[in-house]
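Observations on the three-dimensional arrangement
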Amino acid sequence: MKEAPYLIGQVLSLADTLHKDYCVVVRKGQMPNSLIGTSLMRRALDNPVGALADLSERMMEYIRWAKVVQVSQKWPQDDQGRIAVNEARKKLRQYQPLAERLGKLDLPTECNDVMKAQLLLGFLASSPNEEENAEGKEENL
């Protein structure tokens with residue numbers, strides 16, 4: 001799916017993973033009741049552009065962290081921390097193609113039922129790189 005609501009769902013899903021990884025490393029595993037992407041889904045179902053605007057205000061700390069975090073010397077014993085850092089870096093790289101695709105589309109300010117379904121499917125789908133890898137494997141069969 002290439003529609004904006006689907007892609008916005010993917011952005012919110014990536015935000016959850018990035019937020020979780022931040023909490024594993026910086027907050028020493030203390031997780032909030034709701035991750036950032038999940039907490040914005042209800043807003044996105046009403047106003048997808050508004051949800052992205054809210055996300056832009058809240059995500060900068062997690063993006064900044066993912067860009068500069070270094071693997072600690074203590075982390076051979078802390079597999080969770082090392083995994084979280086590597087996953088955060090991967091998720092940050094996955095934002096670029098999504099942002100480029102969304103930048104070319106008209107972003108909706110309201111959602112009808114079809115758009116709500118697309119938003120949910122995007123949120124639940126594999127991340128963009130995983131989808132491309134799966135499509136490539138299917139073509140090679």
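Here is a short report on the structure shown in this document. Remember, it's a predicted structure, so these values are computed and weren't measured experimentally.

1. Quick notes on unusual backbone geometry
- At Lys 28, a residue that is not glycine, the phi angle is positive and equals roughly 55°.
- Counting through the fold element by element, Lys 28 comes out in the loop between helix H1 (4-25) and helix H2 (36-46).
- On the basis of relative accessible area, Lys 28 is assigned to the exposed category, the value being 68%.

2. Overview of the environment of Leu 92
- Tracing the sequence through the fold places Leu 92 in helix H4 (residues 79-103).
- For Leu 92, a relative accessible area of 19% puts it in the buried group.
- With 77 residues separating them along the chain, Leu 92 and Ala 15 place their C-alpha atoms 9.1 Å apart.
- Leave out the neighbours within four places in its chain, and Leu 92 touches Ile 63, Ala 66 and Lys 67.

3. Considerations on the packing of helix H3 (residues 48-68) against H4
- Contact pair H3 / H4: the axes reach a minimum separation of 9 Å and the direction vectors enclose 115°. Compared by their axis directions, H3 and H4 come out roughly perpendicular. Crossing angle aside, the handedness with which H3 passes H4 is left-handed. For the pair H3 and H4, the contacting residues are Met 59, Ile 63, Trp 65, Ala 66 and Lys 67 in the first and Ala 84, Val 85, Ala 88, Arg 89, Leu 92 and Tyr 95 in the second.
- Here the contact of H3 with H4 is built from residues that sort into nine nonpolar, no polar and two charged.

4. A few points about the side chain of Asp 21
- Residue placement: Asp 21 occurs in helix H1.
- A distance of 3.0 Å separates a polar atom in the side chain of Asp 21 from a polar atom in the side chain of Lys 20.
- Non-local contacts of Asp 21, meaning those with residues more than four positions away in its chain, are made with Trp 65, Ala 84, Glu 87 and Ala 88.

5. Considering the pattern of salt bridges
- For the structure on display, the rule yields five salt bridges.
- Note that Arg 43 and Asp 54 form a salt bridge whose closest N and O atoms lie 2.7 Å from each other. Taken together, the positions of Arg 43 in helix H2 and Asp 54 in helix H3 put the pair eleven residues apart, joining distant regions of the chain.
- Overall, the relative accessible area of 34% leaves Arg 43 in the partly exposed class.
- Accessibility expressed as a relative area gives 23% for Asp 54, which makes it partly exposed.
- When the shortest N-O distance is used, the salt bridge between Arg 64 and Glu 61 registers 2.8 Å. Of this pair, Arg 64 and Glu 61 both sit in helix H3, three residues apart, roughly one helical turn.
- When its relative accessible area of 42% is taken as the criterion, Arg 64 is described as partly exposed.

So, how was this worked out
- Residues numbered from 1 in each chain as written.
- Predicted model: local features only at pLDDT ≥ 70, side-chain atom pairs only at ≥ 80, totals over all residues.
- Heavy atoms only, no water.
- Helix = DSSP H or I, 4+ residues; strand = E, 2+ residues; numbered from the N terminus.
- Buried < 20%, exposed > 50% of the residue type's maximum accessible area, 1.4 Å probe, protein only.
- Contact = heavy atoms within 4.5 Å.
- Axes fitted to C-alpha atoms, helices over the stretch in contact; angles between N-to-C directions.
- Parallel < 35°, antiparallel > 145°, perpendicular 65-115°, else oblique.
- Left-handed = near helix turned anticlockwise from the far one by under 90°.
- Nonpolar A, V, L, I, M, F, W, Y, C, P; charged D, E, K, R; others polar.
- Polar contact = N/O pair within 3.5 Å; in protein donor to acceptor, adjacent residues only side chain to side chain.
- Salt bridge = Lys/Arg side-chain N within 4 Å of Asp/Glu carboxyl O.

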